[in-house]
Amino acid sequence: MFKPFTLPGRVRFYAGPGQLPHCELTAPAGQVVLCLQGAQVLSYIPTGQPDLLWISPNTQYIQGKAIRGGIPVCWPWFGDHPEDGNLPAHGFARNALWEIRSSFAADDTTQIQLGLTESATTRQIWPTPFDLTLDIELGHTLKLTLTTRNTGPQSVMVTEALHSYFAVSSTDSIHIEGLSGCRYHDKLEAFAIKPQREELTPTPPLDRVYDHSASGLKLLDYGLKRVIQIDKSASDSTIVWNPGTEVAGGIGDIGAEPSRRYICIESGNALGSAVSLPPGASHALVMELSSAALEE
Ligand SMILES: O=P(O)(O)OC[C@H]1O[C@H](O)[C@H](O)[C@@H](O)[C@@H]1O
């Protein structure tokens with residue numbers, strides 16, 4: 001399977017759950033599993049540590065259906081389509097089968113590039129010609145670069161997110177540092193704009209789009225005694241989401257109790273931070289993850 005891109009000991013392909021094509025990247029400092037459907041990273045395990053990412057125990061692996069957990073790619077719109085509520089939430093990139101463009105291994109890093117281009121199917125949903133790539137670089141950190149290229153003759157607007165689901169001991173035992181002083185759009189109150197005066201101790205349900213472009217968010221987990229560091233660039237939005245047990249109980253691929261085990265902290269460009277791309281232009285959204293022990 002995908003033989004030209006296989007690198008013994010570093011890059012391996014296999015049919016995973018639901019027979020969907022999966023890929024495992026190995027580097028001296030960690031391991032990543034991803035699914036070619038959606039170019040979705042499902043697992044990131046730094047050597048000797050627990051997974052940074054959460055996958056729902058209730059997710060289904062079905063061709064064309066979004067997998068619940070890991071890092072879905074929301075593109076070319078984030079959330080509901082701004083004009084047409086019949087179009088799929090979070091765009092079509094997360095449901096599409098991506099192609100492999102290259103793979104590479106050096107002493108410390110293992111990399112793969114996945115790509116998606118317009119097709120008859122995407123043109124039905126989004127008429128714009130485009131080329132989209134996701135570079136996944138595993139070293140001492142996990143770095144994702146989502147690059148949008150406008151290959152068409154007209155300017156285009158894109159909203160997007162690397163929708164990371166972080167595994168936590170419990171949503172009761174976490175704290176997020178780096179958002180104080182930002183304002184947010186509260187999706188649970190018709191996008192009301194509110195100030196974030198202090199650092200955030202999330203109490204689900206919450207669904208917030210922060211106007212936030214700084215790098216260096218920290219997710220502190222007092223149960224796992226771990227800090228996840230989220231660095232980013234070319235991202236003017238951070239989205240924090242957990243539906244809470246009551247709502248999650250009614251979401252078939254989450255469930256009440258499992259919802260306590262993750263928090264979404266997403267790096268993107270949403271709402272008023274849409275990216276405008278003239279013909280021929282490109283834009284690269286970057287998110288880099290690492291973790292360390294929490295010193296108390
Ligand atoms: O259920 P999904 O389409 O995957 O969306 C899951 C969630 O994604 C984001 O975090 C949005 O801000 C939420 O409003 C949405 O519920």
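Predicted model only: the values in this text are computed from it and were never measured. (Residues numbered from 1 in each chain as written. Predicted model: local features only at pLDDT ≥ 70, side-chain atom pairs only at ≥ 80, totals over all residues. Heavy atoms only, no water.)

A. Region of the structure containing the overall build of the chain. Counting its regular elements, the chain contains 2 helices and 22 strands. Relative to the globule expectation of 19 Å for 296 residues, the C-alpha radius of gyration of the chain, 18 Å, shows essentially globular dimensions. Counting across all 296 residues of the chain, residues that qualify as buried make up 54%. The contacts in the chain between residues at least 6 apart in sequence include a share of 61% that link residues at least 24 apart. About 12500 Å² of surface is accessible on the chain, with carbon and sulfur atoms providing 50% of the total. With 21 positive and 31 negative side-chain charges, the chain shows a spacing of 3 Å between the two charge centroids. (Helix = DSSP H or I, 4+ residues; strand = E, 2+ residues; numbered from the N terminus. Rg over C-alpha atoms; globule rule 2.2 N^0.38 Å. Buried < 20%, exposed > 50% of the residue type's maximum accessible area, 1.4 Å probe, protein only. Contact = heavy atoms within 4.5 Å. Areas by Shrake-Rupley, 256 points an atom, 1.4 Å probe, with all protein chains shown as cover. Lys, Arg positive; Asp, Glu negative; His and termini not counted. Charge placed at Lys NZ, Arg CZ, Asp CG, Glu CD.)

B. View of the sheet that holds strand β3 (residues 30-35). With antiparallel pairing, 4 strands are arranged side by side in an open sheet as β1-β2-β3-β4. Strands with a single pairing partner mark the edges of an open sheet, and in this sheet they are β1 (11-15) and β4 (40-46). The sheet shows a mean angle of 15° between the axes of neighbouring strands, direction not considered. (Pairing = 2+ DSSP bridges. Axes fitted to C-alpha atoms, helices over the stretch in contact; angles between N-to-C directions.)

C. How the structure looks around the pairing of strand β9 (residues 142-150). For β9, a buried count of 7 out of 9 residues is recorded, marking the element as mostly surrounded by other parts of the structure. As judged from the 9 bridges shared by strand β8 (residues 130-138) and β9, these two strands associate in the antiparallel manner. What sits directly across from L134, in β9, is L146. Turn length for the β8-β9 hairpin, with the two strands adjacent in sequence and antiparallel, is 3 residues.

D. Spatial organisation of the side chain of T171. By the element assignment, T171 lies in the loop between β12 (165-167) and β13 (174-177). Leaving out residues up to four positions away in the same chain, T171 has contacts with P202, P204, N242, S259, R260 and Y262.

E. Fine view of the pattern of salt bridges. What the rule picks out here adds up to 10 salt bridges. Taking the shortest distance from any N to any O, the salt bridge between R12 and E24 comes out at 3.1 Å. A residue pair is termed long-range when its members are at least 10 positions apart, and R12 in strand β1 and E24 in strand β2 (residues 21-27) qualify at 12 residues. Given a relative accessible area of 40%, R12 falls into the partly exposed group. Residue classification places E24 among the buried residues on the basis of a relative accessible area of 16%. (Salt bridge = Lys/Arg side-chain N within 4 Å of Asp/Glu carboxyl O.)

F. Structural context of the site of the ligand. If you check the shell around the ligand, you find R68, F78, H90, R94, H163, K187, D207, I239, W241 and E266 and nothing else. The contact in question runs from an oxygen atom of the ligand to an N or O atom on the side chain of H163, over 2.8 Å. Contact between the ligand and K187: an oxygen atom at 3.1 Å from a side-chain N or O atom of the residue. Its free accessible area being 390 Å², the ligand has 80% of it covered by the protein chains. When the residues that make up the shell around the ligand are grouped by side-chain class, the tally is 3 nonpolar, 2 polar and 5 charged. (Near = heavy atom within 4 Å. Polar contact = N/O pair within 3.5 Å; in protein donor to acceptor, adjacent residues only side chain to side chain. Nonpolar A, V, L, I, M, F, W, Y, C, P; charged D, E, K, R; others polar.)

G. Structural view of the pairing of strand β18 (residues 226-233). Of all the 8 residues making up β18, 6 are buried; the element is thus mostly covered by neighbouring parts of the structure. The turn linking strand β17 (residues 217-221) back onto β18 is made up of 4 residues, and K225 within it adopts a positive phi angle of 50°. In the sheet, β18 pairs with strand β22 (residues 282-293) via 8 bridges, with the strands oriented antiparallel. Bridging from a neighbouring strand, V227 pairs with A292 of β22.

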